[in-house]
Amino acid sequence: MTKPVLATTSLAGCFGCHMSFLDIDERILELIDLVEFNKSPVDDIKTFTKQCDIGLIEGGCCNSENIEVLKDFRKNCNILVSVGECAIMGGLPALRNGISIKECLEEAYLDGPTVKANTEKIMPNDEELPMLLDMVYPCHEIVKIDYFLPGCPPRADLIWNALVALVTGDELKMPYEVVKFD
Amino acid sequence: MRENILSIIEKYQKDHRRLMDILIAIQDTYRHIPDEAVDILADQLDLSKVDVEQTISFYHFLSREPVGKYAIYLNDSAVANISGRAEVVQAFEEELGISFNNVTADGLIGMWDTADIGMNDQEPAALINGAVFTKLTPKKVKNLVAGIKAGKDIPDLVTEIGEEVNGPAALSTMVTNNIRQKGAILFSDDYEVGQALKQAIAQTPEEIVTEVKQSNLRGRGGAGFPAGLKWDFCRQSGGDEVYLICNADEGEPGTFKDRVILTELPKLLFEGMAIAGYAIGAKQGIVYLRYEYRYMQAYLESILQELRDQNFLGKNIAGKAGFDFDIRIQLGAGAYVCGEETALIESLEGKRGEPRNRPPFPVQRGYLDKPTVVNNVETLCSVVQVILEGAEWFKSFGTSESAGTKLLSLSGDCKNPGIYAVEWGVTVQKLIRRAGATNVQAVQIGGPSGMCIGPDQFNRQLAFEDLATGGSLIFIGEERDLLGDFVVNFMDFFIDESCGSCAPCRSLNVILRNKLLKILDGKGTNQDIDELYKWAGVGRVTNRCGLGQTAANPILSTIENFRHLYEDLVETNENFVSTFDLKDSVAESNAAVDREFVLPHKTR
């Protein structure tokens, strides 16, 4: 039997969820037996080369590239999982949602107390750069998300247990320790 | 100002527990609570400034900003909306040149949205400086505004006058009673004030409690707790200081039965209170009257005086040595949650109307931490007939678990809105017929906090064992948008009226309302419906009081009974991609940095 194929990405996140994923320690050896990786920072495959079974999404959507990647994941993965608070509800980046994006940009590039060098008052607008969204959106407001793993980041055990449950079809083990957040 | 405020404080014996009365008096005089008044109150009543401020901020009819010499509070309930409220709003705004929730530049007139004012049978209705103006039309609005601008006093603005008690002899109000069906218990023809009281004091208090227990009289406010048992618990708490409170804070949108009882049968109510006072050993009774009904306050005071003159209230009542009992009226200031008995007690003590944790229950520790019975207006009225005619007679009405009759407020899409006294056990179908409602899509039972049922359930009975209700049915016609016109309005109501103490009530209801709006906007999925239903259930177990526990009912019961209305609105494609629009959402940032929108952006 071929192994299930896994893809992962970090959108508007800090890679903390990926780091937590790597916290599975020696189980990383089991992981290799369990799944095959496709597009993911873990193996550095940049584009999908085949249809995947599971996509793990870290981070919400703050720019046009995030939207494209997320839609791409929805198209290429049978199951999508929002991993961590940013994917689930925008998280820390969404703190800017109460402030207009124009104000954010001006503060960052023109008016902020630490802005010294930008004497020509340039705002980055190269077409190579992703366009910023008016707000940071949780992933499920853009595409359908099948499962949600809460935490900032979710514990390695939670990610691991969820992945094993998805692959094996067994019930997800969720002892209190892996879903308490303080 | 200082002298005036000091004299108001003096009038209430510098008692901080009478803060509500003091604030209402100040609000009446200055049309707001000025900063200076807050300072004086804090100083004189030995409170912190924050204590005073938090009480002010809690109540709808108390304000730190001037509300206008003439303050127009226009009801914004769902039934007002379907009765032509929008045209009335437009007329007001055109006549005054300002939008709602503002005051004219000269400070003369302020217009404010307000939650249900208990006039669902005669909407659109408004309160202007405490007086009620019903069945408003753009034409009436024009005349009203002209009258106000001409400097007329409020009584001179009242052009139509209701029947009998509502007429010039007593209330001189535009309110009409609309009693469509009388029943044996509340509207008995041979009722004579004092008869039941004399009969009661010939027996021991224990005997009265036993009689009421045997009658199976259950609380008429909605929860249906056995009245006799409540009295018994209170007696068991002991102590020499016991209070009886009549809950006349009828705030559930669509309910107006207590308004009619207070208008038509105040003596029956006060006699019931005296009997209850005798049974539980209370010397003082308090009627907590919702602010919206303050047009009745002077009239009710005069009835109380009449009863005192007849020795049915006061000292050694009806010649019974040692039986002292009197009643005072406490005005609320606009807060739905104060209908919850522990919130009501907090409010009576001059505080924010935040529900208390229970236990201890009020019968253990209530008003001023003393054992307290809080009964609904209608419950106390029923007591009189129980004493006069006996428990067995009372039980001959209604069903096995719901003895007696129930006063119902019927309104909405029907020919004959008004008050109906029916026996418990009556079917919804029968009431639809009597009210002259046709093409009924849904019936909202017991107000927004109750439930919404469709035609397949119209054969159900109104009774505690089937459909329990505090006394209202709203008929919703086929032509209405049930979710958009009613459910959203009901959710907005609960969001406004939440005291904010429990997080699930404070925030979850907002989330639920927004999710509902998302679905109504065509952006929802089946998953949204499922989540809405699942989350709505959370409030039932995580909030402290009845408001929070039932606030999601408009959504819960319409998903249960009208799921197809939701399903018609959502996208069913499992891989649904939302209506999120990339071009729209980057427009602002692109404009800020001066760049063009290009699609698609290549993914790396």
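A brief look at the structure comes next. (Residues numbered from 1 in each chain as written. Chains lettered and ligands numbered in written order. Predicted model: local features only at pLDDT ≥ 70, side-chain atom pairs only at ≥ 80, totals over all residues. Heavy atoms only, no water.)

1. A few points about the nonpolar core
Residue and element names in this part refer to chain B. Put simply, the rule is: Working definition of a nonpolar core: buried Ala, Val, Leu, Ile, Met, Phe, Trp, Tyr and Cys residues. They are joined through side-chain atoms within 4.5 Å. Only protein chains enter the area calculation, which uses a 1.4 Å probe; residues under 20% of their type maximum are buried, those over 50% are exposed, and those in between are partly exposed. Comment: elements are numbered from the N terminus, with helices defined as DSSP H or I runs of at least four residues and strands as E runs of at least two. Throughout, a residue-residue contact means that at least one pair of heavy atoms, one from each residue, lies within 4.5 Å.
Counting 130 residues, the largest nonpolar core has Trp231, Phe270, Met273 and Phe325 as its most contacted members. For this core, the element with the most residues is helix α13 (residues 266-280), which contributes 10 residues. In contact with Met273, other than residues within four places in its own chain, are Leu244, Cys246, Gly285, Ile286, Val287, Phe325, Ile327 and Leu380. Counting 26 residues, the second-largest nonpolar core is a separate cluster that includes Val88, Ile109, Ala126 and Leu136.

2. Let's talk about the side chain of Arg356(B)
Among the structural elements, Arg356(B) can be located in the loop between α15 (341-348) and β10 (372-376). Residue Arg356(B) is classed as buried on the basis of its relative accessible area, which comes to 18%.

3. Quick look at α13(B)
Residues and elements named next belong to chain B. Rules: Any helix carries an expected span of 1.5 Å times its number of residues minus one.
Along its 15 residues, α13 runs 21 Å from first to last C-alpha, staying within 8% of the 21 Å computed at 1.5 Å per residue. Burial analysis of α13 places 14 of its 15 residues in the buried class, which makes it a mostly covered element. Gly281, located one to two residues past α13, shows a positive phi value of around 80°.

4. Details of the interface of chain A and chain B
How large an interface is tends to be reported as the accessible area lost when its parts come together. Using the following cut-off: Salt bridges are counted wherever a side-chain nitrogen of Lys or Arg sits within 4 Å of a carboxyl oxygen of Asp or Glu. Identification of polar contacts relies on pairs of N or O atoms within 3.5 Å, with a donor-acceptor requirement for protein atoms, meaning one able to donate a hydrogen and the other able to accept it, and with residues adjacent in sequence counted only if both atoms are side-chain atoms.
Listed by partner, the interface residues are 32 residues for chain A and 24 residues for chain B. One can count zero salt bridges joining chain A with chain B. Where chain A meets chain B, there are five residue pairs in polar contact (both at pLDDT 80 or more). When residues of the side of chain A that touches chain B are traced back to their parent elements, those giving at least two are α3 (64-76), α5 (101-111) and β6 (132-137) of chain A. Considering each element in turn, the side of chain A that touches chain B owes the most residues, seven residues, to α3(A).

5. A look at the packing of helix α19 (residues 482-497) of chain B against helix α24 (residues 553-561) of chain B
All names here are of chain B. What counts here: Lines fitted to C-alpha atoms define the axes here, with helix axes fitted over just the stretch in contact, and angles between the N-to-C directions of these axes take values from 0 to 180 degrees. The labels follow the angle: roughly parallel below 35 degrees, roughly antiparallel above 145, roughly perpendicular from 65 to 115, and oblique for the rest. Only Asp, Glu, Lys and Arg are considered charged, only Ala, Val, Leu, Ile, Met, Phe, Trp, Tyr, Cys and Pro nonpolar, and every remaining residue, Gly among them, polar.
Taken N-terminus to C-terminus, the directions of α19 and α24 make an angle of 150°; their axes are 9 Å apart at the nearest point. Here α19 is positioned roughly antiparallel relative to α24, judged by the angle of their axes. In this structure, α19 uses Leu482, Leu483, Val487, Phe490, Met491 and Phe494 to contact α24, whose residues at the interface are Pro554, Ile555 and Thr558. For the contact of α19 with α24, a count of residues per class yields eight nonpolar, one polar and no charged.

6. Structural notes on the layout of surface pockets
Residues and elements named next belong to chain B. As a reminder, the rule being used: Every definition here rests on a 1 Å grid over the protein atoms only: cavities are sets of points where a 1.4 Å probe fits but cannot get out, pockets are open sets enclosed by protein on both sides within 12 Å along at least five of seven lines, and lining residues have some atom within 4 Å of a point. Grid points are joined across faces, edges and corners, and a volume is the space filled by probe spheres set on the points.
Considering only enclosed or pocket space, the second largest pocket measures out at about 1300 Å³ in volume. The leading source of residues in the lining of the second largest pocket is helix α21 (residues 526-536), at six residues. Taken together, the residues of the lining of the second largest pocket break down into 15 nonpolar, nine polar and 14 charged.

7. Focus on the sheet that holds strand β1 (residues 5-10) of chain A
Residue and element names in this part refer to chain A. As a reminder of what qualifies: Strand pairing is assigned whenever DSSP identifies at least 2 bridges connecting the two strands.
Overall, parallel pairing links the five strands, which are arranged β2-β1-β3-β5-β7 in an open sheet. A strand with exactly one partner marks an edge of an open sheet, and here the two such strands are β2 (36-37) and β7 (147-149). In this structure, β1 lies alongside strand β3 (residues 52-58), joined through five bridges in parallel fashion. Bridging from a neighbouring strand, Thr8 pairs with Leu56 of β3.

8. Quick notes on unusual backbone geometry
The general pattern is negative phi for most residues beyond glycine and trans for most peptide bonds. In this model, Cys152(A) is joined to Pro153(A) through a cis peptide bond whose omega is -5°. Here Pro153(A) shows up in the loop between β7 and α6 (156-168). Looking along the chain, the bond that leaves Arg358(B) and enters Pro359(B) is cis, with omega of -10°. In this fold, Pro359(B) is placed in the loop between α15 and β10. Even without being a glycine, Asp25(A) presents a positive backbone phi close to 55°. Tracing the backbone shows Asp25(A) in the loop between α1 (16-22) and α2 (27-34). Notably, Asp369(B) is not glycine yet its phi reads approximately 65°, a positive angle. Structurally, the position occupied by Asp369(B) is in the loop between α15 and β10.

9. Some details on a nonpolar patch on the surface
All names here are of chain A. Quick reminder of the rule: Grouping into patches uses exposed residues only, defined as over 30% relative accessible area, and leaves out salt-bridged ones; the cut-off is 9 Å for like charges and 5 Å for nonpolar side chains (Val, Leu, Ile, Met, Phe, Trp, Tyr). Note on areas: Shrake-Rupley, 1.4 Å probe, and residue coverage restricted to the protein chains presented here.
A surface patch of nonpolar side chains, amounting to about 640 Å² of accessible area, comprises Phe15, Met19, Leu22, Ile28, Leu29, Ile32 and Val42. Mapped by element, the contributors of at least two residues to the nonpolar patch are α1 and α2. Per-element tally for the nonpolar patch: the top contributor is α2, with three residues. The residue Ile32 is located in helix α2 in this model.

10. Description of the pattern of salt bridges
Residue and element names in this part refer to chain B. In total, this model carries 41 salt bridges over all chains according to the counting rule given. One salt bridge in this structure joins Arg356 and Glu346, with 2.6 Å as the shortest N-O distance. With Arg356 in the loop between α15 and β10 and Glu346 in helix α15, the pair connects residues that are 10 residues apart, well separated along the chain. The partner of Asp528 in a salt bridge is Lys518, and the shortest N-O contact between them spans 3.2 Å. With Asp528 in helix α21 and Lys518 in helix α20 (residues 503-520), the pair connects residues that are 10 residues apart, well separated along the chain.

Purely geometric numbers; function is a separate question.
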